[in-house]
Amino acid sequence: PRRSPNGSARPVPVWRGRAGPAAAEDAAPAEPESPDQCLSLLPWDRFSAWLHCVCVVGFDLELGQAVEVIYPPHSKLTDKEKTNICYLSFPDSNSGCLGDTQFCFRFRRSPGRKVSLCCFLDQLDRDLPVYLKKDSAYYYGYVYFRQVRDKSLKRGYFQKSLVLISKLPYIHLFRTMLKQIAPEYFEKSEAFLEAVCSDVDRWPPPVPGKVLQLPIMGVIMKLRIPTYRDKPGTTPIVQNMHQADAQISMALPTVHEVDLFRCFCPVFFHIQMLWELVLLGEPLVVMAPSPAESSETVLALVSCISPLKYCSDFRPYFTIHDSEFKEYTTRTQAPPSVILGVTNPFFAKTLQHWPHIIRIGDIKLPGDIPKQVKVKKLKNLKTLDSKPGVYTSYKPYLNKDEEIIKQLQKGVQQKRPTEAQSVILRRYFLELTESFIIPLERYVASLMPLQKCISPWKSPPQLRQFSQDDFMKTLEKAGPQLTSGLKGDWIGLYRHFLKSPNFDGWFRSRQKEMTQKLEALHLEALCNENLVFWSQKHTEVETVDLVLKLKNKLLQADREHLPVKTDTLKKLQTHINDIILTLPDDLQDILLKTGT
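The notes below deal with the structure included here.

Conventions adopted
- Counting restarts for each chain, with residues numbered from 1 along the sequence as it is written.
- For this predicted model, a pLDDT threshold of at least 70 governs which residues receive local features, and a threshold of 80 or more governs which side-chain atom pairs are given and counted, while totals over whole chains, interfaces and linings are taken from all residues.
- To obtain the side-chain values, all non-hydrogen atoms of the structure were used and water was disregarded.
- When DSSP finds at least two bridges between two strands, those strands are taken to pair.
- Each helix corresponds to a stretch of at least 4 residues labelled H or I by DSSP, and each strand to a stretch of at least 2 residues labelled E; elements are numbered beginning at the N terminus.
- Angles run from 0 to 180 degrees between N-to-C directions of axes, and those axes are lines fitted to C-alpha atoms, restricted for helices to the stretch in contact.
- Throughout, a contact is declared for two residues whenever any of their heavy atoms are within 4.5 Å.
- Here the word oblique covers every angle except those under 35 degrees (roughly parallel), over 145 (roughly antiparallel) and from 65 to 115 (roughly perpendicular).
- In this scheme the crossing of two helices becomes right-handed for a clockwise turn of the near helix relative to the far one and left-handed for an anticlockwise turn of less than a right angle.
- Lys, Arg, Asp and Glu make up the charged group, whereas Ala, Val, Leu, Ile, Met, Phe, Trp, Tyr, Cys and Pro make up the nonpolar group; the residues left over, Gly among them, are polar.
- A pairing counts as a salt bridge when a side-chain nitrogen of Lys or Arg comes within 4 Å of a carboxyl oxygen of Asp or Glu.
- Per-residue accessibility, obtained with a 1.4 Å probe over protein chains only, is compared with the maximum for each type, and a residue is labelled buried under 20%, exposed over 50%, and partly exposed between these values.
- Aromatic pairs are defined between Phe, Tyr and Trp rings, using the six-membered ring for Trp, whenever the two ring centres lie within 6.5 Å; interplanar angles under 30 degrees are classed as stacked, those over 60 as edge-to-face, and all others as tilted.
- Distance thresholds for patches are 9 Å for like charges and 5 Å for nonpolar side chains (Val, Leu, Ile, Met, Phe, Trp, Tyr), applied to residues having over 30% relative accessible area and no salt bridge.
- All accessible-area figures derive from a Shrake-Rupley calculation using a 1.4 Å probe, and residue coverage is judged against the displayed protein chains alone.
- By the counting scheme adopted, Arg and Lys are positive, Glu and Asp are negative, and His together with the chain ends is not counted.
- Taken as the charge centre is NZ of Lys, CZ of Arg, CG of Asp or CD of Glu, depending on the residue.

## Regarding the sheet that holds strand β11 (residues 284-287)
So, step 1. Reading across from one edge, β12-β13-β11-β14-β15 is the order of the five strands in this open sheet, with mixed pairing throughout. One side of each edge strand has no neighbouring strand; the edge strands of this open sheet are β12 (313-315) and β15 (389-392). Taking each pair of neighbouring strands and ignoring which way they run, the sheet shows an average axis angle of 15°.
So, step 2. In terms of strand pairing, strand β14 (residues 356-359) meets β15 through four bridges, oriented antiparallel. Looking across to β15, one finds that R359 is bridged to G389.
So, step 3. Seen against the sheet, helix α7 (residues 271-279) touches β11, β13 (338-342), β14 and β15 and runs at an angle of roughly 50° to β15.
So, step 4. Lying on the sheet, helix α8 (residues 291-303) is in contact with β11, β12, β13 and β14; it crosses β13 at an angle near 160°.

## Here's the deal with the sheet that holds strand β6 (residues 138-149)
So, step 1. With respect to topology, five strands assemble into an open sheet ordered β4-β3-β7-β6-β5, the strand pairing being antiparallel. Each having just a single partner strand, β4 (64-71) and β5 (99-108) make up the two edges of the open sheet. The sheet shows a mean angle of 25° between the axes of neighbouring strands, direction not considered.
So, step 2. Judged from the seven bridges that link them, strand β3 (residues 53-60) and β4 form a sheet pairing that is antiparallel. Considered in β4, the bridge of D60 is made with G64.
So, step 3. Contacting β3, β4, β5, β6 and β7 (157-166), helix α2 (residues 79-88) crosses the sheet at an angle of about 150° to β5.
So, step 4. Contacting β3, β5, β6 and β7, helix α4 (residues 171-188) crosses the sheet at an angle of about 35° to β6.

## What to know about the packing of α7 against helix α12 (residues 418-445)
So, step 1. At a minimum axis separation of 12 Å, α7 and α12 run at an interaxial angle of 50°. In terms of orientation, α7 and α12 fall into the oblique class. Here α7 runs over α12; the crossing is right-handed. Here α7 contributes I271, Q272, W275 and L279 to the contact with α12, which in turn contributes L425, Y428, F429, L432, T433 and F436.
So, step 2. Its residues assigned to classes, the contact of α7 with α12 shows eight nonpolar, two polar and no charged.

## Brief notes about the pattern of salt bridges
So, step 1. The full count for this structure, using the stated rule, is 23 salt bridges.
So, step 2. Residues E327 and R108 are paired through a salt bridge, measuring 3.1 Å at the closest nitrogen-oxygen approach. Highlighted residues: E327 in helix α9 (residues 325-329) and R108 in strand β5, separated in sequence by 219 residues.
So, step 3. Exposure remark for E327: the relative accessible area of 40% places this residue in the partly exposed category.
So, step 4. Residue class for R108 comes out partly exposed when judged on its relative accessible area of 28%.
So, step 5. K473 serves as the salt-bridge partner of D470, at 4.0 Å between the closest nitrogen and oxygen. One end of the pair, D470, and the other, K473, are both in helix α13 (residues 468-478), three residues apart, so they sit about a helical turn from each other.
So, step 6. By relative accessible area, D470 is classed as partly exposed at 35%.

## Some details on helix α5 (residues 190-200)
Side chains of residues three or four places apart in an α-helix project in the same direction, reflecting 3.6 residues per turn.
So, step 1. Along α5, the residues that are buried comprise F192, L193, V196, C197, S198, D199 and V200.
So, step 2. Tucked into the core, α5 has its buried residues touching α1 (45-50), β3, β4, β7, α4 and β8 (211-216).

## Details of the packing of aromatic side chains
So, step 1. Evaluation of the coordinates by the stated rule reveals 37 aromatic pairs.
So, step 2. Look at W50 and W203: their rings are 5.2 Å apart centre to centre, the planes differ by 90°, and that puts the pair in the edge-to-face class. With W50 in helix α1 and W203 in the loop between α5 and β8, the pair connects residues that are 153 residues apart, well separated along the chain.
So, step 3. Of the residues examined, W203 reaches a relative accessible area of 0% and is grouped as buried.
So, step 4. On the numbers, 5.5 Å between centres and 55° between planes, the contact of F264 with F429 is tilted. Of the two residues, F264 sits in helix α6 (residues 260-264) while F429 sits in helix α12, which places them 165 residues apart along the sequence.
So, step 5. The exposure class assigned to F264 is buried, which follows from its relative accessible area of 2%.

## With respect to unusual backbone geometry
Working note: non-glycine residues mostly have negative phi, and peptide bonds are mostly trans.
So, step 1. Put simply, Y71 and P72 share a cis peptide bond, and its omega is -5°.
So, step 2. Inspection of the secondary structure assignment puts P72 in the loop between β4 and α2.
So, step 3. Cis geometry marks the peptide bond from S306 to P307; its omega dihedral reads 10°.
So, step 4. For W44, which is not a glycine, the phi torsion comes out positive at approximately 80°.
So, step 5. By the secondary structure assignment, W44 is in the loop between β2 (39-40) and α1.

## Things to note about the packing of helix α17 (residues 540-559) against helix α18 (residues 566-581)
So, step 1. Closest axis-to-axis distance for the α17/α18 pair is 10 Å, and the angle between their directions is 155°. Judged by the angle between their axes, α17 and α18 are roughly antiparallel. The hand of the α17/α18 crossing is left-handed. For the pair α17 and α18, contact is made by T543, L546, V547, L550, K551, K553, L554 and A557 and by L569, L572, Q573, I576, I579 and I580, respectively.
So, step 2. When grouped by side-chain class, the residues that make up the contact of α17 with α18 number ten nonpolar, two polar and two charged.

## Some details on a negative patch on the surface
So, step 1. A surface patch of negative charge is lined by E540, D585, D586 and D589.
So, step 2. Among the elements that make up the negative patch, the one with the highest residue count is helix α19 (residues 585-593) (three residues).
So, step 3. Among the structural elements, D585 can be located in helix α19.
So, step 4. Under the relative-accessibility criterion, D585 is labelled exposed at 57%.

Following this line, the structure appears as structure tokens:
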């Protein structure tokens, strides 16, 4: 049995959360009334809903980087995962990060791990916008690294990282949390870490759409995780309420967003071209002087196509020790669809064959805009010390939007806060992405069979096939020109996009949604039939077959979380019970006991 950090057994907390397909109908998560919808959580389950574990990585003179502490102690990491965490938790020696540095990395999970909270977390995951859904194949590492001179140590420096390992991409939340706890941890050590983890194990589950209060060492972080129902580009304000007790309350404006303008400032004039490269899933390398700059820039690139999900791999900070180093740097095949953030000068040679390289200098608070920088040829990139800029031979499909450049330049001249500049830039990217995706959404919606084609006595109809030619024909009258004034080769951009991993991921997601909708409509059609009257006109064998099929439909609705109203499911269950009562007693006994 799992126990609390001080070894004492703790009462098992119970969280009364939603369950079942009816959840999709609610505008916001609600407390259910029925006791069977309670979810019992064991000690450390609340912690596991937010974090996998907390690691401390130090420097050993003989071993090099080593994981000194993993908390809670029962947390499991494979040797490969530990090695990745060790190397990714320290900046490269050339970065020269003196003082405190915060950054983020992402690495592959070892396969075959079971998750105790799987069903519960999947339920929460369904309510998230697509770009915040967790990818079970990866972990994020959120790092607070300290390097200070210390003459009492052999190396002359104190070097240590506090690392939060999580499946959740809540960059701003965990960055804020580390800022609160890491400085104190470096002073107080392990007992403090136990207390931090104990606090996290008292957090409410990460339910999207609710204002959550997360206590951490005397401070309460207030935040709201977005839901898929939120209008893209809007962030409901979390009010900072006065606490009656001694605890300080801190309202987080976002859980996941980075400072977009600050990240794009070094490559300011190429934002539209970078949007195209990310949209098309092109191989991209960000070469930066430190992990803080590389990770923020990679995360900003991935977020610039929101609300579309970036479906390829991305590594905010990537080192030569990474387990995928050989796979991603080989010259025997074309570079993969991935965005890498690197700081080691060795990569300037290793990744010279990559088609698109972004070189950034130190990111400073943008007091002035960099001068107009031309796109540079790749052959000019010799070392990591090459001048900042974008090195590529890529020719953008769309004409440059001068308006956004002027708007942001004006903001700099007027000393507009960087947060406000980021809001303008985020809205620009959102409108550009929506103008691009709306014609695709409209065409894919037309692949749905008409409701009159759905018969209760036949299998649900199939979606029509996606035809590239048919889609292209729709662009003349219903293309992006309806919502965007940008000119250029939109057709060429669509053709390229349809071959990309981002299209594949987006289309699979739409296909799944529409297939589930058809299944739900088929269930409703069945409910509206007089099934008892039907059974009276058919043989016993046919009636039993119908009952079994209807039971399977109910199980499918629950298993696949079909978008069906609770009343529909209840009505279908009533139909099943009524049909069973028309059958002989022996059959009734069997069918009432049979699940499928």
